[in-house]
Amino acid sequence: MSTILPVAQRSETILTLTAVAVAKSELNSEWLNQLVEAMYATMMQCNGVGIAAPQIYVSKRVVIVASRPNLRYPDAPEMEAIVMVNPEILERSKATVLGEEGCLSVPDERGQVARAEIIKVRYLTLQGEQIETVYNGFPARIVQHEVDHLDGILFIQRI
Ligand code: ZN
C-alpha cells in the first residue's frame, strides 16, 4: 500500500518555489522511489493525469505524466505513466493550442490555456538514464503544466 498524501493548494508557498534538481546521489535511492510511489498513489486517488513533487510538499524536480481517460479528463489519450527526473523542455513549437486544464492544487477552477503543440523534453529516469522524447497534443500539455509546477507557476497564471 502506498501512502496517499495531502495535496498542496493554491496560495501555499511551496507551489511558488523553484524546485531543486535531484542530485546524482539520489538517483536509484529508496527515498526517490518512495517519493515517486507516493506521488503516483496520490495522483491516481485524485484522478490526476500528472503530478509534480511540490504538490505533495517536496520541492524537488520530479514529475509524473500519466495521460489516460478518467472522470476529470474523459477524452485524454491512454499512455503509460512516465516518471521524469529533472525534466527540461529543450524545444517548443511556435504553434500553440488552446486546451482545458485543471490542477489537483486548484480543484475549483478550470481554464483554457495556450501551450506549445509540440515539445522536445530531456529527463532522467529513476535509474539515471537520460531520455529525450518529443511529445505532442495532450501529453505535451501535461509535461508543460507539470514543469511549470517545478518553476513555481500555476496554470491560472497563464490564463
Ligand atoms: Zn497542476
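Residues numbered from 1 in each chain as written. Predicted model: local features only at pLDDT ≥ 70, side-chain atom pairs only at ≥ 80, totals over all residues. Heavy atoms only, no water.

Engineer: Can you walk me through the coordination of the zinc ion in this structure?
Structural biologist: Surrounding the zinc ion are the protein donor atoms Cys-103 (SG), His-145 (NE2) and His-149 (NE2), at 2.0 to 2.3 Å. Ordering the donors of the zinc ion by residue number gives the pattern C-x41-H-x3-H. Within this pair, whereas Cys-103 is found in the loop between strand 4 (96–101) and strand 5 (111–116), its partner His-149 is found in helix 2 (residues 138–150), the two being separated by 46 residues in sequence. With respect to burial, Cys-103 and His-149 carry one shared label: buried. (Donors = N, O, S within 2.8 Å, 3.2 Å for Na, K, Ca; no water. Helix = DSSP H or I, 4+ residues; strand = E, 2+ residues; numbered from the N terminus. Buried < 20%, exposed > 50% of the residue type's maximum accessible area, 1.4 Å probe, protein only.)

Engineer: Honestly, unusual backbone geometry in this entry has me stumped. Any pointers?
Structural biologist: For residues besides glycine, phi is generally negative; the peptide bonds are generally trans as well. One non-glycine residue with positive phi stands out, namely Asn-47, at about 60°. Within the secondary structure, Asn-47 is located in the loop between helix 1 (30–45) and strand 1 (50–52). One non-glycine residue, Asn-86, adopts positive backbone phi at about 50°. Structurally, the position occupied by Asn-86 is in strand 3 (residues 82–92). For Asn-86, a relative accessible area of 18% corresponds to the buried category.

Engineer: What's the story with the pattern of salt bridges in this structure? I'm lost.
Structural biologist: Once the charged atoms of two side chains with opposite charge are near each other, the side chains can pair. Under the defined criterion, the tally for this structure stands at 12 salt bridges. Residue Glu-109 is joined to Arg-10 by a salt bridge in which the shortest nitrogen-to-oxygen separation is 2.7 Å. On the criterion of sequence distance, the pair formed by Glu-109 in the loop between strand 4 and strand 5 and Arg-10 in the segment before helix 1 is long-range, its members being 99 residues apart. (Salt bridge = Lys/Arg side-chain N within 4 Å of Asp/Glu carboxyl O.)

Engineer: Please clarify how empty space enclosed by the protein should be interpreted in this entry.
Structural biologist: The gaps of empty space that remain are located by a probe, the size of a water molecule, rolled over the atoms. If you walk through the whole model with that rule in mind, you get one cavity of 30 Å³ or more. When its volume is computed, the largest cavity comes out at roughly 140 Å³. What lines the largest cavity is a set of 17 residues, and nearest its centre among them are Val-49, Tyr-73, Gly-102, His-145 and Glu-146. Counting only elements with at least two residues in the lining of the largest cavity, the list comes to strand 4 and helix 2. It is helix 2 that provides the largest number of residues to the lining of the largest cavity, a total of six residues. Grouping the amino acids of the lining of the largest cavity by side-chain chemistry returns six nonpolar, six polar and five charged. (1 Å grid on protein atoms, 1.4 Å probe; cavity = no way out; pocket = protein on both sides within 12 Å on 5 of 7 lines; lining within 4 Å. Points joined across faces, edges and corners; volume = space filled by probe spheres on them. Nonpolar A, V, L, I, M, F, W, Y, C, P; charged D, E, K, R; others polar.)

Engineer: Where do I start with helix 2 in this structure?
Structural biologist: Helical periodicity: at 3.6 residues per turn, an α-helix aligns residues three or four positions apart in one direction. With 13 residues, helix 2 ought to run about 18 Å at 1.5 Å a step, and its terminal C-alpha atoms sit 19 Å apart, in line with that. The buried fraction of helix 2 amounts to 12 of the 13 residues, a majority that puts the element mostly inside the structure. (Expected span 1.5 Å × (residues − 1).)

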